[in-house]
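Coordinate analysis (summary)
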Amino acid sequence: MNIHQLTQRALCLTFPVVMFAATCLSSVSAEDADRKLSLAGEWQVALDRNDVGVAEKWHAKDFDEKIQLPGTLCDAGYGDPLTLEPDIGNREVLLNLKRKFDYVGVAWYRRTVEIPENWSGKHISLELERVLWTSELWVNGEKVTRLGNDEVSDKNDSLTTPHVFDVTSYLKPGKNTFALRIDNRKKYDMSVRNMAHAYTNETQTMWNGVLGEIALSTKDELHIKQVSIFPDAAEEKIHVEVTLSHAAPMAGTIQFKVAGKNNSGFPELVSPFDKQAREMTFDYPMPEAKRWDEFSPTLYEAVATLNAENAHDRFSVTFGLRNVTNHDSRLQVNGRPLFLRGTLECCIFPLKGYPPTDKDDWLKVIDAAKEYGLNHFRFHSWCPPKAAFEAADELGFYLQVESPYWELNFGKDEPTVQFVTKECRRILREYGNHPSFCFFSIGNEINGDFKLLDKIVCELKDADNRRLYTHTSFTFQKPETGWPVPNMDYWVTQWTDKGWIRGQGVFDQYPADFTKDYEKSLEDVPVPVISHEIGQYSVYPNLREIEKYKGNLVPLNMIAIKNDLEKKGLAGRDAAYQENTGKLAVLLYKEEIERAMKTRSLSGFQLLDLRDFPGQGTALVGLLDAFWDGKGVISGEEFRQFCSPIVPLARFAKAAYRNNEMLNAKFEVANYSDHELRSDMLWALKDQSGNVIQSGKIERQNIPIGGDNPVGEISVPLDSIIKPVKLTLSLNIVAENRGNQWDIWVYPVVAEPVETNVVCTASVEEALAALQDGKKVLLNPPVDRIQGIEGKFVPVFWSPVHFPNQAGSMGISCDPNHPALAHFPTESHANWQWRDLCKRSKTLVIDGMSCEPVVEMIDNFITNRRLANIVEAKVGKGSLLFCSIDITNDLEQCPQAEWLRISLLRYMESDRFSPKSNIEPDVVRSLIVNKEEP
């Protein structure tokens, strides 16, 4: 009979009769305090810049500096001080935040520790919760050569799990001296340009020190090494694996019990083990136990107690009863459809430059994400400390964890492959019991040997089936980029062989169309799909954020931008630029998210990002700043209208209508809550003063859990609209108090050409001749003749430093009350009615010109040029309005262009058109390519 059979037989015999009070399992908890000794506090430190081995001389007084651990050298002010100046012309300044003190190399940490007499004969380990990258330990001058997982080695090298040393045979009662060598130099080639977030200066820094818990702990030689809980929510049970430290030299028992927070418990089990036991496995029933998910994150504590003649131990585990599955190419949690509303977590902690290890800090982070309707983090190329898992467990947040790998040649370097494989196993062993740990990816955007990746993934799945696995979070490698490879449980991608599944690839290329989803792109895909890194719309920085940097990191990039604005006479403009670029980003994120939620076959999205990414060339793509503070462009309540478990949705064909058309819209509801909905729905079409154009009621109906829930259609005539107007369409689910809204623009049909005394011309020479005669001139040259940059609606992608070969503009900025726009309804920022106008334009560069912008285009924050689409100026005796948007041709296809033209002409005909600035004719000519003959 093998150990497993013996264990199961023992359980069958003892389960019906062996029942104990809860106090039996907790009776040893009072001893826990005597079994752990914190080493947090003051240590001696020495920088070994030339790696000469200070430990060999540590009896000499080389350790004459002090440091507080946990902490880093930068915290204590050790290393090379920052000397860079905030020069916007220095690309290094613009890459990322800079730490005040930089050190990459060997550092030694030394401390004398008093070991209690009663620890004699015990197993003793030293745990360092988080270290970059390699740690070695000497105790009383002797190097430790055994690690905490029974591995015979003299080095710990994990980037994501605790460094543990087995110091049992090195300690003696009384004073003992520890010398810890930490080397934060790069050990394996596991990252493109050091961008993987487990080891990078792009977000967290390449710090040297120790984070989190630093402690010695003691146990009896025979002790419980690991308790792994494998939940089975469908069968209302858990499978338990108890691993002992070594083959038992004596017989004994394992007591096992599960209890909830309210002390509600389940029957105890007692299982005997014999002298050969090393692992015990058994099933533990949990009838009527509550499930763990985002709506009810119920947690249980399992306690295993070992009792033997000369050994006693207690091991507790917190877990949740949940199953995450992938049936029918969709994600489910506990058998219910699951839609991930996620953002990336890229180890962005701009005060310290490293992740927190306290649960309270992570509770604040996750609460901020939940405020904006999210239920999911993807930890991009890193794994957080245990505190993040504990906070996510408590708040019901789904986590995707990744190993610290982001490379384009996986499989080329065997030591790196071995490191990544070990790191994956360490992560599963250390954090696998957490119910929030639902998804695992080997890394980010991996190219290389997918057969080898597949082998590793299959081994991980066989070892631990508590979550779903994928080989990589997207890849650019063909053919894997277009279709999921075998053995992927789910697929994270930007596109399939059949098309895009994120808006970044379509919003600038195709006209606004709010009927769209990604269903065709997902046809026949055999696994659940998560849309990869949607968004990445750059927002202009708010330079008041500089004041927040009171820790280890200095925002030289923002200071350089601030100095550049001052130099160019644009000081103070950053607030308006941020608001207008931020409002545009909100509109794009809203459509991104709604297209995803309209797609029945999609299982979620991962934003990049809800907040700013301060590295990789200053990628300020967030609606929140790097501190999780709002930028004032949208509140959490507003964002939850389109990003939450229950979202009303509308499909309609376009943003701009004429008043002889009908607004046809189809309503639906994405219901990813934990219950079926039953409610009336109210819809309305209103103008900006709140006047109702038309409204109605959709009678009460059942809306099942999931997407693709059509609830009604409307067809509204727009002939009552007699002037250009922005309208808002809304849908509200009455019983759930959930609403959403969308903007459209309606323009009256123009029956006859507008009569005007303004000279309207496409010819610069004709314009200059009329201006010389003192006339008013609207100059609207062909777009391909205008000297300028590409007209764009979608703003800078990610970062103008990281991706410099892009147009670089970031949306419009204008005064909606400017008389030139009196007949063209607009906000100060670009909205969907501007999409076609931007695409039929060139953007003028007006640096050094004294003309006055009517419609400004915001430049990116690295070049800070003055850009415009419409400017006015005095030229000679006349007055010029130059429009670089095509408002002359094909106006029947673009009513907003027609009415922008009308609005400009009516302004020019009025007394209010009186430009104050003067420019010379040659300046006007300089705005034209291929100058005309005079």
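Residues numbered from 1 in each chain as written. Predicted model: local features only at pLDDT ≥ 70, side-chain atom pairs only at ≥ 80, totals over all residues. Heavy atoms only, no water.

A few words on the overall build of the protein. Along the protein, the regular secondary structure elements total 15 helices and 51 strands. In terms of overall dimensions, the protein is globule-like: its C-alpha atoms have a radius of gyration of 32 Å, near the 30 Å expected for 934 residues. Projecting the C-alpha coordinates of the protein onto the three principal axes gives extents of approximately 110 × 70 × 45 Å. When the 934 residues of the protein are sorted by exposure, 61% land in the buried category. Counting only contacts in the protein whose residues sit at least 6 apart along the sequence, the fraction spanning at least 24 positions is 73%. In the form shown here, the protein has an accessible surface area of approximately 35,700 Å², with 47% of it arising from carbon and sulfur atoms. Of note, the protein has its 104 positive side-chain charges centred 1 Å away from the centre of its 131 negative side-chain charges. (Helix = DSSP H or I, 4+ residues; strand = E, 2+ residues; numbered from the N terminus. Rg over C-alpha atoms; globule rule 2.2 N^0.38 Å. Buried < 20%, exposed > 50% of the residue type's maximum accessible area, 1.4 Å probe, protein only. Contact = heavy atoms within 4.5 Å. Areas by Shrake-Rupley, 256 points an atom, 1.4 Å probe, with all protein chains shown as cover. Lys, Arg positive; Asp, Glu negative; His and termini not counted. Charge placed at Lys NZ, Arg CZ, Asp CG, Glu CD.)

Turning to unusual backbone geometry, a few remarks are in order. Of note, the amide linkage connecting lysine 478 to proline 479 takes the cis form, showing an omega dihedral of 0°. Summarising the element assignment, proline 479 is placed in the loop between β29 (468-470) and β30 (491-493). Note that the residue after leucine 608, namely aspartate 609, is joined by a cis bond; omega there is 15°. Residue placement: aspartate 609 occurs in the loop between β35 (604-608) and α11 (636-639). Of note, the phi angle at asparagine 487 is positive, near 75°, even though the residue is not glycine. Of note, asparagine 487 is situated in the loop between β29 and β30. A positive phi angle, close to 70°, is found at aspartate 524, a residue other than glycine. With respect to the helices, strands and loops of the structure, aspartate 524 is situated in the loop between β32 (499-500) and β33 (529-535).

Once that is clear, we can look at the pattern of salt bridges. This structure, assessed with the given rule, holds 61 salt bridges. With its nearest N and O atoms 2.8 Å apart, the salt bridge here joins arginine 426 to aspartate 157. Note that arginine 426 is positioned in helix α7 (residues 414-431) and aspartate 157 in the loop between β11 (142-143) and β12 (163-166), a separation of 269 residues in sequence. The burial state of arginine 426 is the same as that of aspartate 157; both residues are buried. Several salt bridges share partner residues, and in doing so they unite Asp51, Glu136, Lys143, Asp154, Lys155, Arg181, Asp183 and Arg185 into one network. (Salt bridge = Lys/Arg side-chain N within 4 Å of Asp/Glu carboxyl O.)

Attention now moves to the nonpolar core. Generally speaking, soluble globular proteins have nonpolar side chains that are buried together. The biggest cluster of nonpolar side chains holds 200 residues, and the ones touching the most others in it are Ile442, Phe639, Phe667 and Trp832. Non-local contacts of tryptophan 832, meaning those with residues more than four positions away in its chain, are made with Phe507, Ala512, Phe514, Leu587, Leu588, Glu591, Ala655, Trp745 and Phe793. (Core = buried A, V, L, I, M, F, W, Y, C linked by side-chain atoms within 4.5 Å.)

Another point: empty space enclosed by the protein. For the coordinates displayed, the defined rule picks out eight cavities of 30 Å³ or more. Considered as a void within the structure, the largest cavity measures approximately 50 Å³ in volume. Taken together, Ile229, Pro231, Phe319, Gly320, Arg322, Gly432, Asn433, His434, Pro435 and Arg466 make up the lining of the largest cavity. A breakdown of the residues in the lining of the largest cavity according to their chemical character gives four nonpolar, four polar and two charged. (1 Å grid on protein atoms, 1.4 Å probe; cavity = no way out; pocket = protein on both sides within 12 Å on 5 of 7 lines; lining within 4 Å. Points joined across faces, edges and corners; volume = space filled by probe spheres on them. Nonpolar A, V, L, I, M, F, W, Y, C, P; charged D, E, K, R; others polar.)

A few words on the confidence of the model for the protein. Confidence in the prediction of the protein, expressed as mean pLDDT, is 93, and 95% of residues score 70 or more. Scored below 50 in pLDDT, residues 1-30 shows 49 contacts in the model against residues more than four places distant or in partner chains. (pLDDT = per-residue confidence, 0-100.)

Let's shift gears to the packing of aromatic side chains. As enumerated under the stated definition, the model contains 45 aromatic pairs in all. With 5.3 Å between their ring centres and 75° between their planes, phenylalanine 256 and phenylalanine 282 make a pair best called edge-to-face. On the criterion of sequence distance, the pair formed by phenylalanine 256 in strand β17 (residues 252-260) and phenylalanine 282 in strand β19 (residues 279-285) is long-range, its members being 26 residues apart. Note on accessibility: phenylalanine 256 and phenylalanine 282 belong to one class, buried. (Phe/Tyr/Trp six-rings, centres within 6.5 Å; stacked < 30°, edge-to-face > 60°.)

On to helix α8 (residues 450-463), then. Look at α8: 20 Å from first C-alpha to last across 14 residues, which is about the 20 Å you get at 1.5 Å a residue. Within the span of α8, buried status applies to Phe450, Leu453, Asp454, Ile456, Val457 and Leu460. Viewed along the axis of α8, the buried residues span an arc of 165°, placing them on a single side of the element. Opposite the buried face of α8, at more than 90 degrees from it, the exposed residues are Lys451, Asp462 and Ala463. (Expected span 1.5 Å × (residues − 1). Arc of directions from axis to C-beta.)

Let us look at the packing of α7 against α8. One can describe the packing of α7 onto α8 by two numbers: an axis separation of 11 Å at closest approach and a directional angle of 25°. Between α7 and α8, the angle falls in the class roughly parallel. Judged by the twist between their axes, the crossing of α7 over α8 is right-handed. Residues Val417, Thr421, Cys424, Arg425 and Leu428 of α7 pack against Leu452, Ile456, Glu459 and Leu460 of α8. Of the residues belonging to the contact of α7 with α8, the class tally is six nonpolar, one polar and two charged. (Axes fitted to C-alpha atoms, helices over the stretch in contact; angles between N-to-C directions. Parallel < 35°, antiparallel > 145°, perpendicular 65-115°, else oblique. Left-handed = near helix turned anticlockwise from the far one by under 90°.)

Turning our eyes to something else, we now look at the pairing of strand β45 (residues 776-779). Of the pairings in the sheet, the one linking strand β44 (residues 759-761) to β45 comprises three bridges and is parallel in character. In the strand pairing of β45, cysteine 760 is matched with leucine 778. In this view, the connection linking β44 to its parallel neighbour β45 by way of helix α12 (residues 764-772) has right-handed handedness. The sheet contact formed by β45 and strand β51 (residues 878-883) spans four bridges and is parallel. Each bridged residue has a counterpart across the sheet, and for lysine 776 the counterpart in β51 is serine 879. (Pairing = 2+ DSSP bridges. Right-handed = clockwise from strand over helix to strand, strands pointing away.)

Bringing the sheet that holds strand β24 (residues 336-337) into the picture now. Strand order in the open sheet formed by three strands is β22-β23-β24, and the pairing between neighbours is antiparallel. One side of each edge strand has no neighbouring strand; the edge strands of this open sheet are β22 (324-325) and β24. As defined by bridge partners, strand β23 (residues 332-333) adjoins β24 across two bridges and the pair is classed as antiparallel. Residue pairing across strands places glutamine 332 opposite proline 337, the latter belonging to β24.

It helps to recall that an α-helix has 3.6 residues per turn; residues three or four apart then point in one direction. Those residues of α12 that fall on the buried side of the exposure criterion are Val764, Glu765, Ala767, Leu768, Ala770 and Leu771. Contacts from the buried residues of α12 go to β44, β45, β50 (867-875), β51 and α15 (921-925). Between the side-chain oxygen of the N-cap and the backbone nitrogen of glutamate 765 there are 3.4 Å, and the N-cap of α12 in question is serine 763. Just downstream of α12 lies glycine 774, where phi reads positive at about 85°. (Polar contact = N/O pair within 3.5 Å; in protein donor to acceptor, adjacent residues only side chain to side chain.)

On to the layout of surface pockets. Sizing a probe to match a water molecule and rolling it over the atoms shows the empty space that remains. A volume near 650 Å³ is recorded for the second largest pocket. Along its surface, the second largest pocket is lined by 35 residues, and Arg502, Gln536, Phe797, Trp798 and Phe803 are the ones closest to its centre. Split into classes, the residues belonging to the lining of the second largest pocket amount to 17 nonpolar, eleven polar and seven charged.

Let us look at the side chain of aspartate 166. Its place among the elements puts aspartate 166 in strand β12. Of the side chains with opposite charge, arginine 146 comes closest to the buried, unpaired aspartate 166, at an N-O distance of 4.7 Å. Other than its neighbours up to four places away in sequence, aspartate 166 contacts His123, Ile124, Val144, Arg146, Leu147 and Gly148.

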